[in-house]
Amino acid sequence: MSHPQLDNLVRVGQLKAEPAALNELRGLVRSGILRLDDAAREELSLESRFDLAYNAAHALALAALRFQGYRSESRYLVFQCLQHTLALPPEQWRVLDEARRKRNLAEYEGEVDVEEQLIAALLRVAREVAARVENLMEPG
């Protein structure tokens, strides 16, 4: 499956073309769905829910990219490519990018600044990504 925009990113070294492996795809989707379910558990701390939701979104977005035959080491690019891999509108993948920025601040600078509103938006977008990825993987 070739996409001109994604192929351009391969040419400039931002993505790698690599055939998808069904076991990898299933593992990414399974991991994403399990984490999404756990992230919805309100008895967990906001930080834990954010971490679970963010990593779920990343696993699912990576599954979409891998399904199309590409790989990236950049979380930003994995999210940005959702406009091409799943036709996700920019306002939705930008929620994921905002979460990525918050995650980086927490991970690399110890600044944890997450709110229920961000987690709710992250869960909403991640569920949409999950539904679209599952549709991609349906036989037929």
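Heads up: the structure comes first, above all this text.
Read on for a plain summary of the structure. (Residues numbered from 1 in each chain as written. Predicted model: local features only at pLDDT ≥ 70, side-chain atom pairs only at ≥ 80, totals over all residues. Heavy atoms only, no water.)

Moving on, we come to the packing of helix α3 (residues 46-67) against helix α7 (residues 116-137). When two helices pack together, their arrangement is captured by the angle between the axes and the distance separating the axes. Interaxial distance between α3 and α7 falls to 9 Å at its minimum, and their mutual angle equals 25°. If you check the angle between α3 and α7, you find them roughly parallel. The handedness of the crossing between α3 and α7 comes out as left-handed. In this structure, α3 contributes Leu 46, Arg 49, Phe 50, Ala 53, Tyr 54, Ala 57, Leu 60, Ala 61, Ala 63, Ala 64 and Phe 67 to the contact, and α7 contributes Glu 116, Leu 118, Ile 119, Leu 122, Leu 123, Ala 126, Val 129, Ala 130, Val 133, Leu 136 and Met 137. When its residues are assigned to classes, the contact of α3 with α7 shows 20 nonpolar, no polar and two charged. (Axes fitted to C-alpha atoms, helices over the stretch in contact; angles between N-to-C directions. Helix = DSSP H or I, 4+ residues; strand = E, 2+ residues; numbered from the N terminus. Parallel < 35°, antiparallel > 145°, perpendicular 65-115°, else oblique. Left-handed = near helix turned anticlockwise from the far one by under 90°. Contact = heavy atoms within 4.5 Å. Nonpolar A, V, L, I, M, F, W, Y, C, P; charged D, E, K, R; others polar.)

Moving on to the nonpolar core. By size, the foremost hydrophobic cluster in this structure holds 41 residues, and its most contacted members are Leu 82, Leu 96, Leu 122 and Val 129. Elements with a minimum of two residues in this core: α2 (22-39), α3, α4 (75-80), α6 (90-109) and α7. Apart from the residues lying within four places of it in its own chain, the contact partners of Leu 82 are Ala 61, Ala 64, Ala 87, Leu 88, Trp 93, Leu 96 and Val 129. (Core = buried A, V, L, I, M, F, W, Y, C linked by side-chain atoms within 4.5 Å. Buried < 20%, exposed > 50% of the residue type's maximum accessible area, 1.4 Å probe, protein only.)

Okay, the packing of α6 against α7 next. Between α6 and α7, the least distance of the axes is 9 Å, while the angle of their chain directions is 125°. Here α6 lies oblique to α7, going by the angle between them. Handedness of the crossing formed by α6 with α7: left-handed. Contacts from Gln 92, Val 95, Leu 96, Glu 98, Ala 99 and Lys 102 in α6 reach Leu 118, Ala 121, Leu 122, Val 125, Glu 128, Val 129 and Arg 132 in α7. Class assignment of the residues belonging to the contact of α6 with α7 gives a composition of eight nonpolar, one polar and four charged.

This paragraph deals with α6. With 20 residues, α6 should reach 28 Å at 1.5 Å per residue; the first-to-last C-alpha distance of 27 Å fits that figure. Where α6 is concerned, the buried positions are Trp 93, Leu 96, Asp 97, Ala 99, Arg 100 and Arg 103. Down the axis of α6, the buried set is contained in an arc of 160°. They therefore lie on one face. Along α6, the residues that are exposed and aim more than 90 degrees away from the buried face are Glu 91 and Glu 109. Contacts made by the buried residues of α6 are with α3, α4, α5 (82-85) and α7. (Expected span 1.5 Å × (residues − 1). Arc of directions from axis to C-beta.)

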